[in-house]
Amino acid sequence: EAKEAGRSTYRFYTAEQTRISRERFELESGLRRAIERKELQLYYQPQANCRGSNLTGVEALVRWLHPERGLIPPDRFIPLAEDIGLIGALGDWVLNEACRQAREWELAGAPLRVAVNLSAQQVSQGQLFETVSTALTRSGVSPGLLELEITEGHVLKRVEQCIEVLHRVKSLGVTLAIDDFGIGYSSLSYLKRLPVDRLKIDRSFVEGLPGDADDDAIVATILAMAQNLGLEVIAEGVETAEQLAHLAATHCQEYQGYLLGRPMPANELERWRDAHSARPTA
Ligand code: C2E
Ligand code: MG
Ligand code: MG
Ligand code: MG
């Protein structure tokens, strides 16, 4: 009897496995062609000062506009791109497109800092310096307008190598932010050795503000530490006016989240920006 149950479980499992691997296979082959077919698109989410809400920059977030499946979020294809060795090409495309757009805004007389997410493999693969320097040269954008976001996890795998390459990349004049800060194994010693400009407080800690004692304490600790180390702080995932008021009162410099604006295509962001700057600030 147990054998029977085991067998039917097995059968169910294989059917599900088959479905998953078929879907994965389809996405895989589609992803390989997505770049040349121009199916990838960058969305831009605004970032602003906690006090006054002046626009300070944007984060570039990649989307895949699949011909049949519609808009696919990055969490569903970035890990896949890493698995099949496509993250190099995809990352190059993102970097070049973000720099091109940043240069366009710069030339239009409305420069905007553009933050680009790097994947772990991009940081550890040894071509990061060339990739970034090529994207800067090709676009002609002022290096100070480009910010690179890495997560703590990226660095921890090969600490020495990453610290070295990140110093070289920083020498190009770009800025560096630690994304999803607080959920990794934050070690003060490596933070001191990294050429970091900004910490991005992970959304999970912003969620409970104000009121959740743990989140309050964690955010206060990150802000105090950042101040001591001379780092800027931006809070991500800010959705309510109460969260923003708490962050402003505790001297967090910048915020990003649905309260300010959703990620949007470049032309929409331009319209959003015009409307936003015309708005009286609090
Ligand atoms: P992330 O870098 O931490 O980006 C923030 C994510 O939170 C984005 O999801 C954004 O849309 C979402 N978000 C922003 N504000 C709010 C809010 O107020 N509430 C909530 N619930 N969510 C908010 P998205 O665009 O789906 O990106 C997910 C992740 O995929 C990113 O997390 C990043 O790790 C990765 N990613 C995105 N674009 C790229 C890329 O070009 N290259 C690489 N390597 N990774 C990317
Ligand atoms: Mg990010
Ligand atoms: Mg983040
Ligand atoms: Mg996050």
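- In the nomenclature of an unreviewed UniProt entry, the protein chain corresponds to Diguanylate cyclase from the organism Parazoarcus communis SWub3 = DSM 12120.

1. Description of the site of ligand 1
Move 1: As a matter of local geometry, ligand 1 sits amid 23 residues, with Arg 63, Asn 117, Asp 179, Glu 239 and Tyr 258 nearest to it.
Move 2: Here Arg 63 contributes a side-chain N or O atom positioned 2.8 Å from an oxygen atom of ligand 1.
Move 3: A distance of 2.8 Å separates an oxygen atom of ligand 1 from a polar atom in the side chain of Asp 179.
Move 4: Contact with the protein chains covers 85% of the free accessible surface of ligand 1, which is 800 Å².
Move 5: Elements supplying a minimum of two residues to the shell around ligand 1: strand 2 (55–66), helix 2 (74–83) and strand 6 (175–181).
Move 6: Considering every element that reaches the shell around ligand 1, the biggest residue donor is strand 2, with 4 residues.
Move 7: Per-class residue counts for the shell around ligand 1 are 9 nonpolar, 5 polar and 9 charged.

2. Here we look at the environment of Pro 195
Move 1: Position of Pro 195 relative to the elements: it lies in the loop between helix 8 (188–193) and strand 7 (198–201).
Move 2: For Pro 195, a relative accessible area of 12% gives the class buried.
Move 3: Once the C-alpha coordinates of Pro 195 and Asp 179 are considered, the two residues, 16 residues apart in sequence, prove to be 14 Å apart.
Move 4: Residue contacts for Pro 195: discarding those within four places in its chain leaves Leu 166, His 167, Lys 170 and Leu 176.

3. Focus on the coordination of the magnesium ion (ligand 2)
Move 1: Coordination of the magnesium ion (ligand 2) by the protein comes from Glu 59 (OE), Asn 117 (OD1), Glu 149 (OE) and Asp 179 (OD), over a distance range of 2.0 to 2.2 Å.
Move 2: One chain supplies every donor for the magnesium ion (ligand 2), spaced along it as E-x57-N-x31-E-x29-D.
Move 3: In this model, the magnesium ion (ligand 2) sits 3.7 Å from the magnesium ion (ligand 3), the two metals being bridged by Asp 179. Residue Glu 59 is located in strand 2, and its partner Glu 149 is located in strand 5 (residues 146–151); the two are separated by 90 residues in the primary sequence.
Move 4: Residue classification places Glu 149 among the buried positions, given a relative accessible area of 1%.

4. Describing the coordination of the magnesium ion (ligand 4)
Move 1: Those donors, Asp 180 (OD) and Glu 236 (OE), are the protein atoms that reach the magnesium ion (ligand 4), and they lie 2.3 to 2.6 Å from it.
Move 2: Separating the magnesium ion (ligand 4) from the magnesium ion (ligand 3) is a gap of 3.0 Å, bridged by Asp 180, which donates to each. Highlighted residues: Asp 180 in strand 6 and Glu 236 in the loop between strand 8 (232–235) and helix 11 (241–249), separated in sequence by 56 residues.
Move 3: Judged by its relative accessible area of 11%, Glu 236 is buried.

Rules behind the numbers
Residues numbered from 1 in each chain as written. Chains lettered and ligands numbered in written order. Predicted model: local features only at pLDDT ≥ 70, side-chain atom pairs only at ≥ 80, totals over all residues. Heavy atoms only, no water. Near = heavy atom within 4 Å. Polar contact = N/O pair within 3.5 Å; in protein donor to acceptor, adjacent residues only side chain to side chain. Areas by Shrake-Rupley, 256 points an atom, 1.4 Å probe, with all protein chains shown as cover. Helix = DSSP H or I, 4+ residues; strand = E, 2+ residues; numbered from the N terminus. Nonpolar A, V, L, I, M, F, W, Y, C, P; charged D, E, K, R; others polar. Buried < 20%, exposed > 50% of the residue type's maximum accessible area, 1.4 Å probe, protein only. Contact = heavy atoms within 4.5 Å. Donors = N, O, S within 2.8 Å, 3.2 Å for Na, K, Ca; no water.

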